[in-house]
Amino acid sequence: MLSHKKPDSVINVKVEFGEGEGKVPLDNIAKRAAAYKPKERVTYKMIKEYIEAKYGFKVYTAYIAEVKRALGLPMYDTPNAVE
C-alpha cells in the first residue's frame, strides 16, 4: 500500500549563478546541457523531401522502409502501429 508520509528531514540548498567565487557559471551549464541533447533522428518526411529536392520525384514511405530493411538500417517503432 502506498501512504502519504512526510519526510523526516529537509535540506535547503542555495545556488547562485553568475561570475565570481562561489557561483556557478552559466556557460558551463549550457555546455553540459548541449552534451546531453539527443541526436536528431532522420524522419521519413525528411528523406522524402531530400529525394524530391535532389532527384525530382516523390517516393512512398513503404519504399523507404523496404530499402532500410534491405540495407539493415535501424528501424524505429512507430507510435501508431497496429498489433
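These numbers were taken from a predicted model, which means no experiment stands behind them. (Residues numbered from 1 in each chain as written. Predicted model: local features only at pLDDT ≥ 70, side-chain atom pairs only at ≥ 80, totals over all residues. Heavy atoms only, no water.)

## Considerations on the overall build of the protein chain
Part 1: Secondary structure summary: the protein chain contains three helices and zero strands in total.
Part 2: Along the protein chain, helices (α) and strands (β) appear in the sequence α-α-α when read from the amino end.
Part 3: Each principal axis of the C-alpha atoms in the protein chain carries an extent, and together these give about 60 × 50 × 20 Å.
Part 4: Looking at the protein chain, you have 15 positive and 11 negative side-chain charges, and the mean spots of the two groups are 2 Å apart. (Helix = DSSP H or I, 4+ residues; strand = E, 2+ residues; numbered from the N terminus. Lys, Arg positive; Asp, Glu negative; His and termini not counted. Charge placed at Lys NZ, Arg CZ, Asp CG, Glu CD.)

## Some points on helix α3 (residues 61-71)
Part 1: Inspection of α3 places Ile64, Ala65 and Lys68 among the buried residues, and these make up the whole buried set. Summarising the axial view, the buried residues of α3 lie within an arc of 100°, below the 170-degree limit, and thus occupy one face. For α3, the exposed residues lying more than 90 degrees away from the buried face are Glu66, Arg69 and Ala70.
Part 2: Considering only its buried residues, α3 is in contact with α2 (44-55).
Part 3: Downstream of α3 by one or two residues, Gly72 has phi in the positive range, about 75°. (Buried < 20%, exposed > 50% of the residue type's maximum accessible area, 1.4 Å probe, protein only. Arc of directions from axis to C-beta. Contact = heavy atoms within 4.5 Å.)

## Side note on the packing of α2 against α3
Part 1: The geometry of α2 relative to α3 is characterised by a closest axis approach of 10 Å and an angle of 100° between their N-to-C directions. Of the possible angle classes, the one that applies to α2 and α3 is roughly perpendicular. When α2 is examined against α3, the residues Tyr44, Ile47 and Lys48 are found in contact with a partner set consisting of Thr61, Ile64, Ala65 and Lys68. (Axes fitted to C-alpha atoms, helices over the stretch in contact; angles between N-to-C directions. Parallel < 35°, antiparallel > 145°, perpendicular 65-115°, else oblique.)

## Some thoughts on α2
Part 1: For α2, spanning twelve residues, the distance from its first C-alpha to its last is 16 Å, which sits close to the expected 16 Å at 1.5 Å a residue.
Part 2: A positive phi of about 80° marks Gly56, the residue just after α2. (Expected span 1.5 Å × (residues − 1).)

## Section: a nonpolar patch on the surface
Part 1: Nonpolar side chains collect at one region of the surface, where Ile11, Val13, Val15, Phe17, Val24, Leu26 and Ile29 lie side by side and expose about 690 Å² of accessible area between them.
Part 2: You can see Val13 is positioned in the segment before α1 (26-36).
Part 3: Of the residues examined, Val13 reaches a relative accessible area of 67% and is grouped as exposed. (Patch = residues over 30% accessible without salt bridge, like charges linked within 9 Å, V, L, I, M, F, W, Y side chains within 5 Å. Areas by Shrake-Rupley, 256 points an atom, 1.4 Å probe, with all protein chains shown as cover. Salt bridge = Lys/Arg side-chain N within 4 Å of Asp/Glu carboxyl O.)

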